[in-house]
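Residue-level listing of the chains:
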Amino acid sequence: MIPADLGLPGLFDVHVHFLPPNIQAAVWRQFDEAGPKIGRSWPIRYRGTDEERVEQLRSFGVRRFTALPYAHKPGVADYLNGWAADFADRVPECVRSATFFPEEHVGQYVPAAIAAGVEVFKLHTQVGEFLLDDPILDPAWEAIAASGTPVVIHVGSGPVGNAFTGPEHLRRLLAKHPDVRVIVAHLGAPEFADFLGLAERYEHTHLDTTMVFTDFFVPFPDELVPRLAGLGDKILYGSDFPSLPYEYGHQFDGLARLLGRAPGLDEDWLRKVCWYNAERLFPSPNRSTP
Ligand SMILES: [Zn+2]
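As the structure is a prediction and not an experimental result, all values here were calculated from the model. (Residues numbered from 1 in each chain as written. Predicted model: local features only at pLDDT ≥ 70, side-chain atom pairs only at ≥ 80, totals over all residues.)

Bringing the nonpolar core into the picture now. Grouped together as the largest cluster of nonpolar side chains are 77 residues, with contacts concentrated most on Phe121, Val151, Val152, Ile153, Ile183, Val184 and Val273. The greatest single-element share of this core, amounting to seven residues, is contributed by helix α11 (residues 267–281). When near neighbours in sequence (up to four residues on either side) are disregarded, Val273 contacts Thr209, Ile235, Leu236, Tyr237 and Leu255. (Core = buried A, V, L, I, M, F, W, Y, C linked by C-beta atoms within 7 Å. Buried ≥ 20, exposed ≤ 12 C-beta atoms within 10 Å, placed from the backbone. Helix = DSSP H or I, 4+ residues; strand = E, 2+ residues; numbered from the N terminus. Contact = placed C-beta atoms within 7 Å.)

So this is what it looks like as structure tokens:
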């Protein structure tokens, strides 16, 4: 799927979900019903078993990917993280992924997860309805900042905003913990300009491309396109596979269409976005078992 002349080892997709089958089924029911957090018809295209979906990613040329779990209430992060650890043990391309929630013991299980080899965390404030700067999370953020473990955060107000989404939430977190390696999901959609501004201001704040530049999603404003070039070291390819209402390759095509639209949006930029920026953040697969 990726043009061979780009010369990449493959795609590095930093925004992929694999969840325990019962939870995945519940999430897809939300999409099928266009539930209140979805807000529109969203026919999911990739509904196979875990094994089938791993094979699909391989067939698309994806050579490394995350398996981002996220908690919608207290008391489930442990279960999700245990499942995600087993998944990473059996899928060599998987970046070891985990989540956390503002709850008792979060200050213990996050450092333990890092010690056990977790390479990325995922938070979803729209679904979980919590504040990123909830004081109960401070010990977790301190451990994450000290270890440099990246955290993918869905905190933009797309597809449906609530009291826990929007740039001010990340701004408050970064004021307290500026060194946390954040990856803002969906380029912060729809508050693109504010989240681009945070990535420009904070050395360790990044953005992922998930669903942006596709025909399905909130349009990316033309006037912001030149700023994507300046952020060429901080933008990471992400897709949201498997919960896609279109063909997987459509995400890459959307990025390729940006080339030439502003100075610096060239093939080197695309190579960094699709592979090298993520490889720098996730340098070596952390495998506790072969
Ligand atoms: Zn996602």
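And the narrative resumes.
Time to look at the environment of Ala140. In this fold, Ala140 is placed in helix α6 (residues 138–147). By the C-beta count within 10 Å, which is 25 here, Ala140 ends up buried. Along the backbone, Ala140 and Leu259 are 119 residues apart, and their C-alpha atoms lie at a distance of 39 Å. If we skip the residues at most four places from it in the chain, Ala140 touches Phe100, Val106, Gly107 and Val110.

On to unusual backbone geometry, then. Looking along the chain, the bond that leaves Gly158 and enters Pro159 is cis, with omega of -10°. With respect to the helices and strands, Pro159 occurs in the loop between β5 (151–154) and α7 (167–176). With omega at -5°, the peptide bond leading from Ala189 into Pro190 counts as cis. Positionally, Pro190 belongs in the loop between β6 (182–184) and α8 (192–201). One non-glycine residue with positive phi stands out, namely His105, at about 75°. Here the phi dihedral of Asp240 falls at roughly 75°; this positive angle occurs in a residue that is not glycine. If you trace the backbone, Asp240 turns up in the loop between β8 (235–236) and α10 (249–256).

Here we take up the packing of helix α4 (residues 106–115) against α6. When two helices pack together, their arrangement is given by the angle between the helix axes and by the axis-to-axis distance. Running from amino to carboxyl end, α4 crosses α6 at an angle of 20°, the nearest separation of the two axes being 8 Å. The angle between α4 and α6 places the two elements in the roughly parallel class. Crossing geometry of α4 relative to α6 is assigned as right-handed. The residues of α6 that touch α4, namely those facing Val106, Gly107, Val110, Pro111 and Ile114, are Pro139, Ala140, Ala143, Ile144 and Ser147. The residue makeup of the contact of α4 with α6, split by class, is eight nonpolar, two polar and no charged. (Axes fitted to C-alpha atoms, helices over the stretch in contact; angles between N-to-C directions. Parallel < 35°, antiparallel > 145°, perpendicular 65-115°, else oblique. Left-handed = near helix turned anticlockwise from the far one by under 90°. Nonpolar A, V, L, I, M, F, W, Y, C, P; charged D, E, K, R; others polar.)

Right, let's talk about the sheet that holds β6 for a bit. Taken together, six strands build an open sheet; the order of strands is β3-β4-β5-β6-β7-β8 and the sheet is parallel. Edge positions in the open sheet fall to β3 (97–99) and β8, since each of these has one partner strand only. As paired elements, strand β4 (residues 120–124) and β5 share four bridges and run parallel to each other. What sits directly across from Phe121, in β5, is Val151. Packing of α8 onto the sheet brings it into contact with β6 and β7 (205–208), and relative to β7 it is tilted by some 140°. (Pairing = 2+ DSSP bridges.)

Moving on to the packing of α7 against α8. Taken N-terminus to C-terminus, the directions of α7 and α8 make an angle of 15°; their axes are 10 Å apart at the nearest point. As summarised for this structure, α7 and α8 are arranged roughly parallel, according to the angle between their axes. Once α7 is placed against α8, the crossing between them reads as left-handed. For the pair α7 and α8, the contacting residues are Pro167, Leu170, Arg171 and Leu174 in the first and Asp194, Phe195 and Leu198 in the second. Class assignment of the residues belonging to the contact of α7 with α8 gives a composition of five nonpolar, no polar and two charged.

The subject of this paragraph is α7. By the burial criterion, the buried members of α7 are Pro167, Leu170 and Leu173. Viewed along the axis of α7, the buried residues span an arc of 125°, placing them on a single side of the element. Those residues of α7 that are exposed and aimed more than 90 degrees away from the buried face are Glu168 and Ala175. In the core, the buried residues of α7 are packed alongside β5, β6 and α8. (Arc of directions from axis to C-beta.)

Let us look at α4. Side chains three or four residues apart in an α-helix point the same way, a direct result of the helix having 3.6 residues per turn. Within α4, burial applies to Val106, Val110 and Ala113. Projection of α4 onto a plane perpendicular to its axis shows the buried side chains occupying an angular sector of 60°, all on one side. Turned more than 90 degrees away from the buried face of α4 sit Gln108 and Ala115, all of them exposed. Where α4 is buried, its residues contact α3 (77–90), β3 and α6. Gly117 sits one or two positions beyond α4 and adopts a positive phi of about 105°.

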